[in-house]
Amino acid sequence: MTPNPYLWLIQLPPLAGAAINGFFGRRSSKQAITAIALIFSGAAFGLALFLAAIFSSASAPYYFDLAHWIRSGSFQVDFSFYLDQLSLVMLLVVTGVGFLIHIYSVGYMWEDDGYYRFMSYMNLFMFFMLTLVMAKNYLVMFIGWEGVGLASYLLIGFWFIKDSAASAGKKAFIVNRIGDFGFLIALFLMIKHFGSLDFTHVFAAVRTLPTETAGVGLLSAIGLLLMVGAAGKSAQIPLYVWLPDAMEGPTPVSALIHAATMVTAGVYMVARSSAIFERAPMAMMVVAIIGTLTALFAATIGIAQTDIKKVLAYSTVSQLGYMFMACGVGAFSAGIFHLMTHAFFKGLLFLAAGSVIHGIGGEQDMRKMGGLRVYMPVTFLTMSIATFTIAGFPPLAAYFSKDEILWKAYSSPNGSWVFWLVGVITAFITSFYMFRLWFLTFFGDYRGATAHDAHDPSRAGAPSTVAQGGSAPHGHGHGHGEPHESPWVMLGPLVILAILSFFGGWVGYHDHFQHFLAPVFQSGAAAELAHESGEAAGKGTEMLLMLISVTAAVLGFLLAWTLYLRRPQLPEHIATSLGELYQAVAHKYYIDELYAVLFVKPLIDGSTTILWHGVDQGVIDAAVNDSADAARHVSDNARHMQSGNLRSYAGWVAAGGAAVIAYMVWMGVTR
Amino acid sequence: MVPLSYYLVLSGILFVCGVLGFLIKRNIIAIFMSIELMLNGVNLSFVAFAAQWHALSGQVFVFFVMVVAAAEAAVGLAIIIAVYRTRETLNVDQVNLLKL
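Quick notes on the rules
- Residues numbered from 1 in each chain as written.
- Chains lettered and ligands numbered in written order.
- Predicted model: local features only at pLDDT ≥ 70, side-chain atom pairs only at ≥ 80, totals over all residues.
- Helix = DSSP H or I, 4+ residues; strand = E, 2+ residues; numbered from the N terminus.
- Buried ≥ 20, exposed ≤ 12 C-beta atoms within 10 Å, placed from the backbone.
- Contact = placed C-beta atoms within 7 Å.
- Nonpolar A, V, L, I, M, F, W, Y, C, P; charged D, E, K, R; others polar.
- Pairing = 2+ DSSP bridges.
- pLDDT = per-residue confidence, 0-100.
- Core = buried A, V, L, I, M, F, W, Y, C linked by C-beta atoms within 7 Å.
- Axes fitted to C-alpha atoms, helices over the stretch in contact; angles between N-to-C directions.
- Parallel < 35°, antiparallel > 145°, perpendicular 65-115°, else oblique.
- Left-handed = near helix turned anticlockwise from the far one by under 90°.

Next up on the list: the overall build of chain A. When helices and strands are tallied, chain A shows 29 helices and three strands. Based on the C-alpha atoms only, the size of chain A along its principal axes is roughly 110 × 70 × 55 Å. Relative to its full complement of 671 residues, chain A shows a buried share of 51%. Restricting the contact set of chain A to residue pairs at least 6 apart, pairs at least 24 apart contribute 81%.

Chain A puts nine residues into the contact, and the matching count from chain B is nine residues. In terms of residue class, the side of chain A that touches chain B is made up of three nonpolar, four polar and two charged.

Take the pairing of strand 2 (residues 62–72) of chain A next. Residues and elements named next belong to chain A. Where strand 1 (residues 2–3) meets strand 2, two bridges bridge the pair, whose relative direction is parallel. Across the sheet, the residue bridging to Thr-2 is Tyr-62, located in strand 2. In terms of strand pairing, strand 2 meets strand 3 (residues 75–83) through nine bridges, oriented antiparallel. Considered in strand 3, the bridge of Tyr-62 is made with Leu-83. Between strand 2 and strand 3, which pair antiparallel one after the other, the connecting turn spans two residues, and Gly-73 there sits at a positive phi close to 65 degrees.

Another point: the confidence of the model for chain A. Overall, the predicted model of chain A reaches an average pLDDT of 86, with 92% of residues at or above 70. The low-confidence segment residues 451–479 of chain A, where pLDDT is below 50, has 49 contacts with residues more than four positions distant or belonging to other chains.

All right, on to the nonpolar core then. If you look at the biggest cluster of nonpolar residues, it comprises 210 residues, and the most contacted ones within it are Phe-125, Met-129, Val-270, Val-287, Met-325, Leu-348 and Leu-349 of chain A. Beyond its immediate sequence surroundings of up to four residues, Leu-349 of chain A is in contact with Leu-312, Met-383, Ala-386 and Ile-390 of chain A.

A few words now on the sheet that holds strand 1 of chain A. Taken in spatial order, the three strands make up an open sheet running 1-2-3 (chain A), and their pairing is mixed. Whereas interior strands pair on both sides, the edge strands pair on one side only; in this sheet they are strand 1 and strand 3 of chain A.

Residues and elements named next belong to chain A. Their axes nearest at 9 Å, the elements helix 15 (residues 308–328) and helix 19 (residues 397–411) cross at an angle of 40 degrees. Taken together, the axes of helix 15 and helix 19 are oblique relative to one another. Seen from above, helix 15 lies across helix 19 with left-handed handedness. Counting all contacts with helix 15, which are made through Tyr-322, Met-325 and Ala-326, the residues of helix 19 involved are Lys-402, Ile-405, Lys-408 and Ala-409. Grouping the constituent residues of the contact of helix 15 with helix 19 by class yields five nonpolar, no polar and two charged.

Structure (structure tokens):
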């Protein structure tokens, strides 16, 4: 390993940008805020490109020890950073996509009163995300982990005047806290058994241990606890509930944090800990099962959502499920590959959705859209690329990454045809709900409000109320008549991301990406590659499976086309004929309600009756009040001694003196 | 030479006189004088012991007591004057604002 100070320097610009805009933004002009936010986030991207350039010729990973942090006996944790192929991919995704979304935000958030706050938070997020991906030990990673959680909280609740946004922020924070609990216990286990949190030391120690084939040992426990943390951050069952609510945040936030980067931190963490997981097959199996279930479960919910951002949110949860499925079957590089392409196309989908929302005055309900391809051609074109990508049409990016995952799910020693089958079904559903979104939004006739009723107060409660409140993505000050195309500052990032979504998957051609990451996933990847090369007959199967998944995507497209373009009345009929089932899906399987009954309500009731009325008022307050009462009772009697009469005081003194003398005489004075 | 016990008995009588005066008298000045009497009773026993055992420390201690008593007299008399100016009485039974 070679030291390289740039690993530390690259994190400074976003932090500086956040600080400058946070402290002085209120009084600066919007131009100045924009310049600072873009220059500093752009500088991070520039440095990332520079690092990538010099890293490509380096033979070993870079590291940099900034400062000592914790020194306690033989245990030590430092502020140290690390760059290998895996963090490099994350670094480029975070700074690159992050920078594009910063540019986009300039257009999207320009009219908002909290513009400086927004830009400051975005920079802050970038800083913490860089800390997360470049950490050399789990504790520094945890700083970034918590930091992005904080930035996420701040940005979800960005329009905190809106009650739903404020509670969505809290929900995200609290649900993540449950995951962090698992993460922390995993760290404690590592400290106890390996005496270190440094990646190099921990993984070296792990490699000396045997694979835990039977039962749950130390490594399985650490793996499962890490997965709890990852499930919180990356919105997997059962902790996914915060992500759909997080859509209360501004759309660029949804794109950057809740689609492209932060939510993939869990995948990154699992991939980074691949050494641990490889020796804990049981934990791997759990990861794969959770991922697969989440992929299918979230995709089915996505079918019945009407809010354009909610569809994309469930789609994100589902795609993250794919990534965990890949990690769970041991195909870490496939998971990271999908992470990267997902960052491109899901970031693009959200930004395009934001452009749509922006163009029609803050409306998010797809039933009030339609026919928008005429009004906003660039948005339509980029969104189409993204939609075809996520559906898995060749030769777009997700076709490569998703098929890589599906193939690995089928062929890997840890995989099984069950994972593959669920994956293909999910791919079909994904294709269906994405084209449903696409047709509803861009085809048919425009069903939204026009100039006359755009500001109808009866629409209060719809997401667009914020727009009317003045602190919104959209406040042109004029009535919203015709839908219109967004400014180029927003379209530019769309176009770049569309290009990446189109060609981004080609790096995976002939397993280039896998070979690139191979040094990180040393043993596992080597076995994987050997396995692959020794399986010449597998090529035929791989082609067949690929054909099936492409067919699934096409079927999804056809179904959506039939239901939402050719026979628009049909979905209505199907929904009513399905009755209860449809209602359950539309209400997200009542999971939120279930959690409310199972966890939230008992917690509130228990806190109120036992902790508040019982312990706090009954024991703690009572102890204080009762001891005060007792003191007063005693004093009430004793105060008669304090008569205020000088001679009675003298009498007490004399009596006391006499008592002392009597005692001494009685007992005798001894030396 | 007068035996030590005579001095101690006189010292005890003086001290008890002081205590009784302190308890019985109502005039602040009389109480004050009783305190001085107690101090002097103690002083007498100090010097008596010092003379008996040829130890100087007892006599030194008496000087300290006298210094403190002088300071106390200065402060105490000032307080008495202040009390008299505000209350127009020197009867301690009537100076009882601290009472409930």
